[in-house]
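Fold and contact review
One letter stands for each residue in the lines below.
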Amino acid sequence: MTCERREMRPTSFSLLLVGALALGNNARADEAPLFIPQWLGAQYTFVDQHQGRVHSPYAGPMSLHAQGDTARSHTFGAYFGVRLPAHFAFYFDVEMFRGEGVSGTTGLGGLTNGDVIRAGVAGLGRGAYVARRYLQWSLPLGGESEPVARSQDHLPGTQATRRLDVKLGKLAVNDDFDRNRYANGTRSQFMNWDLFNATSWDFAADTRGYTDGLMLAWVNPAWTLRYGVYRMPYEANGQRLESDLFHARGEQLQLSLHPQPGGWVLRVLAFRNIARMGRYRDAIAQALATGRTPDVHADDAPGRRKFGFAVNGELPLADDGDTGLFARAGWNDGHTESFVFTEVDRTASFGFQLSGAHWGRSADHLALGVAINALSPLHRRYLALGGHGFVLGDGALNYAHEEIAELYYSYAPFPHLTLSPDLQWVRHPGYNRDRGPVAFAGVRAHVEF
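The structure presented is a predicted model; accordingly, all values stated were derived computationally and were not measured.

When we look at a pair of aromatic rings, we describe it by the centre distance and by the angle of the planes. Enumeration according to the criterion identifies 16 aromatic pairs in this entry. Between Phe190 and Tyr408 the ring centres are 5.0 Å apart and the planes differ by 90°, which places this aromatic pair in the edge-to-face class. Within this pair, whereas Phe190 is found in the loop between strand E7 (163-171) and strand E8 (211-219), its partner Tyr408 is found in strand E16 (residues 402-414), the two being separated by 218 residues in sequence. Under the relative-accessibility criterion, Phe190 is labelled buried at 1%. One aromatic cluster is present, formed by Trp193, Phe196, Trp201, Phe203 and Phe341 through successive ring pairs. The ring of Tyr234 has Arg240 lying over it, and the distance from NZ or CZ to the ring centre is 3.9 Å. The positively charged end of Arg444 is found above the aromatic ring belonging to Tyr408, 5.6 Å away from the centroid.

So, about the environment of Phe246. Relative to the elements of secondary structure, Phe246 occurs in the loop between strand E9 (223-230) and strand E10 (249-257). On the basis of relative accessibility, which here comes to 65%, the residue Phe246 falls in the exposed class. Sequence separation of Phe246 and Gly303 is 57 residues, and the distance between their C-alpha atoms is 8.9 Å.

Attention shifts here to unusual backbone geometry. Of note, the amide linkage connecting Gly436 to Pro437 takes the cis form, showing an omega dihedral of 0°. For Pro437, the location among the structural elements is in the loop between strand E17 (417-427) and strand E18 (438-448). Unlike most non-glycine residues, Ala86 shows phi in positive territory, near 60°. Inspection of the secondary structure assignment puts Ala86 in the loop between strand E2 (69-83) and strand E3 (88-99). Given a relative accessible area of 52%, Ala86 falls into the exposed group. For His428, which is not glycine, the phi torsion reads 60° and is therefore positive. Within the element layout of this structure, His428 appears in the loop between E17 and E18.

For the rest of this paragraph, the subject is the side chain of Ser376. Relative to the elements of secondary structure, Ser376 occurs in the loop between strand E15 (365-374) and helix H3 (377-384). Exposure remark for Ser376: the relative accessible area of 2% places this residue in the buried category. In this structure, Ser376 is in contact with Asp333, Gly334, Asp345 and Arg346, ignoring residues within four places of it in sequence.

Turning next to the environment of Gly185. Relative to the elements of secondary structure, Gly185 occurs in the loop between E7 and E8. Considered as a pair, Gly185 and Asp115 are 70 residues apart in the sequence and their alpha carbons are 9.5 Å apart. In contact with Gly185, other than residues within four places in its own chain, are Phe190 and Phe196.

All right, on to the pattern of salt bridges then. Throughout the structure, instances matching the rule amount to 22 salt bridges. Glu95 is the partner of Arg132 in a salt bridge, and the nearest nitrogen-oxygen pair spans 3.7 Å. Here the residue Arg132 occupies a position in strand E4 (residues 129-140), and Glu95 occupies one in strand E3, the gap between them amounting to 37 residues. Across this residue pair, the class does not change: Arg132 and Glu95 are buried. Note that Glu403 is salt-bridged to Arg427, the shortest N-O span being 3.3 Å. In this pair, Glu403 sits in strand E16 while Arg427 sits in strand E17, placing the two residues 24 residues apart along the sequence. Residue Glu403 is classed as partly exposed on the basis of its relative accessible area, which comes to 24%. Three or more residues are tied together by salt bridges with common partners; here these are Asp93, Glu95, Asp115, Arg132, Asp153, Asp175 and Arg187.

What counts, and where the lines are drawn
Residues numbered from 1 in each chain as written. Predicted model: local features only at pLDDT ≥ 70, side-chain atom pairs only at ≥ 80, totals over all residues. Heavy atoms only, no water. Phe/Tyr/Trp six-rings, centres within 6.5 Å; stacked < 30°, edge-to-face > 60°. Helix = DSSP H or I, 4+ residues; strand = E, 2+ residues; numbered from the N terminus. Buried < 20%, exposed > 50% of the residue type's maximum accessible area, 1.4 Å probe, protein only. Lys NZ or Arg CZ within 6 Å of the ring centre and 35° of its normal. Contact = heavy atoms within 4.5 Å. Salt bridge = Lys/Arg side-chain N within 4 Å of Asp/Glu carboxyl O.

Below, the structure written as structure tokens:
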């Protein structure tokens, strides 16, 4: 799961991004015409992050580096859409990633740079790739309409406040589920994985975070009900996706309550995964019988199940919602191996965002978030016996909850650019009382058009 260091070089994707920006200068802000491809946005994000030294009486293959580490990451994206007849639209996104995360993006349940792609077993290249490629159908059900501004995966125009939405194709599951106004975007908000999604929600995705699937939504002014079914990877943290949805799939159902426009929002999500997931109980039993180190990855029988829940809330307080609170909590059964997102079985997080309008900089934000992660009893014992997952494995474990805090300031010197100094602190990294604590300091530059 390590990423080798490489220098940035000009690529064809860089030329595509420049071309997209030029096209965007001529893009219309009103209703997009039929059949005409529209440029919807482009972004570049740079993260420079330093990990401090770690108290480390012992270490394993997935531990944070005891002497500290420094790493840089770069992501590029260009986003397009085409409006079609009969309420259809097609979206096509291209992205590219370069760089790596500190300590090879391992050693924590709540990893510290959400923009990092985990190379893992997939041996991913560093060229441009298709991130999203899907067809959307929105059927108005009457009532009022609301404006839609041009943005990533949103064509400009209007949409009904009561409608049915259908998406089919290559998607990111967390584009539609577990969203939060104050803790959702790693490129402009919190960078820690615990603070942009419920980390116990092991949602379907390949190594880069995308999968093929179907999403259905019944949207109303006061509530929204969503269901999604998606292809799971063939192996943990893998790029290859299963083709048989009957024996392998990820499903989620979410009810969102939003009684007033711009008011509080509460989301309740349930999920179930079916995949070739190893069982911690069986891996532990095999290890005790043979005297070997447990290996949950060796047990890959199809049809294994994992289920869980997440609750997600946001509460605007002032400044037209620019100042507000957020909270999340999540749980999964923890019987089968962590398979896609990260190694967390229970999580809780909360925090706030404060608008810079209070000191005369309305485009700036100050935000603080904290999170606590936990493992199931079987997952703890597996790691204590020397087993490892795809982000955890110290060779032993003196278990304690993983505790995380993150503070960032988003400074906008002029439109389209934000600079964000970021500080993170982790107690009991990798749930290990014998290791840590550890501090992370970074800076993020984000350009978006």
